[in-house]
Amino acid sequence: QELLAEALQFYGEFAREQVEDTDLQIELAKAQHRRGIILRELGQQEEAAAANADATQRLEALRDRQLGGIEVLSVLAESYYFARRYDDCVALCTSLLQTYPDRIDVRSTLAESYNALATLNTKPDQLAVTLDYHQQAFAIRKQLVEKHAESAEFQAELAATINNIGVVLDQQKRTHEALAMFKLSLAYNDRACQLAPYSILWGRWDATGHHNVGRAY
């Protein structure tokens, strides 16, 4: 973090002197975005939000000047996600994928946004909306696993989405469908654990999956 902060200070000072240096402005925006991610992982939420807001402002300015192309826009989509601007993130990712359908990072960010939108609609009268968002995330994550079967992260993320679908189906009293989803989720999560046996988080997800299967019987 200290090294990144020093780099950001250097970028910032140099950028003020070289305002016409497009490459430098792009690198500064991306570095600020990375700083926000690191701060978030360290639990410094307020500082992370401030860094992300600064990065978003810089990235939007670059976008408005049509600078940086997909490399700027893909990071901007991530910054929208971290700012909980999920609708903006979905709109941007959807637009980008029409031109860059093979961008894995954009697809992953889009799936994350659908998943986040689903968690915002958890009231009993919103279950149909919740399920729809989870199913959209499922469609994307299923494609990612099909193309990158050796990615433990993609396997685990797909497992989580399928489990979430199972939870919603269970809440809708569709027990048999829920049980099928819980079992399928376990299969993908088991694969993730095989690929990355060191992951404590996915091990916990596996325990949760077994609990859900047992509860659904």
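My aim in this report is to walk through the structure given alongside it, one point at a time. Computed from a predicted structure; not experimentally measured.

### Topic: the environment of Leu-67
Move 1: Secondary-structure assignment places Leu-67 in the loop between α3 (45–64) and α4 (69–82).
Move 2: Spatially, the C-alpha atoms of Leu-67 and Leu-96 are 15 Å apart, while their sequence positions differ by 29 residues.
Move 3: Not counting chain neighbours up to four residues away, the residues in contact with Leu-67 comprise Thr-22, Leu-62 and Val-72.

### Considerations on the side chain of Arg-107
Move 1: Relative to the helices and strands, Arg-107 resides in helix α6 (residues 104–119).
Move 2: Lacking a salt bridge, the buried Arg-107 has Asp-102 as its closest oppositely charged neighbour, with an N-O distance of 6.0 Å.

### Considerations on the packing of α4 against α6
Move 1: At a closest axis distance of 10 Å, the pairing of α4 and α6 adopts a crossing angle of 15°. Compared by their axis directions, α4 and α6 come out roughly parallel. In this structure, the crossing between α4 and α6 has a hand that is left-handed. Together, Ser-74, Ala-77, Glu-78 and Tyr-81 of α4 and Asp-105, Val-106, Thr-109, Glu-112, Ser-113 and Ala-116 of α6 make up the contact between the two elements.
Move 2: Split into classes, the residues belonging to the contact of α4 with α6 amount to four nonpolar, three polar and three charged.

### Concerning helix α10 (residues 200–216)
Move 1: With 17 residues, α10 should cover 24 Å at 1.5 Å per step; its first-to-last C-alpha distance of 25 Å lies within 8% of that length.
Move 2: Turning to α10, its buried residues are Trp-202, Asp-206, Gly-209, Asn-212, Val-213 and Ala-216. Summarising the axial view, the buried residues of α10 lie within an arc of 125°, below the 170-degree limit, and thus occupy one face. Opposite the buried face of α10, by more than 90 degrees, sit the exposed residues Ile-200, Arg-204 and His-211.
Move 3: With a side-chain oxygen lying 3.2 Å from the backbone nitrogen of Trp-202, the N-terminal cap of α10 falls on Ser-199.

### So, the packing of aromatic side chains
Think of a pair of aromatic rings as described by two things: how far the centres are apart, and how the planes are tilted against each other in angle.
Move 1: With the rule as written, the count across this model stands at three aromatic pairs.
Move 2: When the ring of Tyr-81 is compared with that of Tyr-86, the centres are 5.7 Å apart and the planes differ by 55°; the resulting orientation is tilted.
Move 3: Relative accessible area serves as the criterion here: at 12%, Tyr-86 is assigned to the buried category.
Move 4: Put simply, the rings of Tyr-81, Phe-82 and Tyr-86 pair up and form one aromatic cluster.

Here is what the cut-offs are and how they apply
Residues numbered from 1 in each chain as written. Predicted model: local features only at pLDDT ≥ 70, side-chain atom pairs only at ≥ 80, totals over all residues. Heavy atoms only, no water. Helix = DSSP H or I, 4+ residues; strand = E, 2+ residues; numbered from the N terminus. Contact = heavy atoms within 4.5 Å. Buried < 20%, exposed > 50% of the residue type's maximum accessible area, 1.4 Å probe, protein only. Lys, Arg positive; Asp, Glu negative; His and termini not counted. Salt bridge = Lys/Arg side-chain N within 4 Å of Asp/Glu carboxyl O. Axes fitted to C-alpha atoms, helices over the stretch in contact; angles between N-to-C directions. Parallel < 35°, antiparallel > 145°, perpendicular 65-115°, else oblique. Left-handed = near helix turned anticlockwise from the far one by under 90°. Nonpolar A, V, L, I, M, F, W, Y, C, P; charged D, E, K, R; others polar. Expected span 1.5 Å × (residues − 1). Arc of directions from axis to C-beta. Polar contact = N/O pair within 3.5 Å; in protein donor to acceptor, adjacent residues only side chain to side chain. Phe/Tyr/Trp six-rings, centres within 6.5 Å; stacked < 30°, edge-to-face > 60°.

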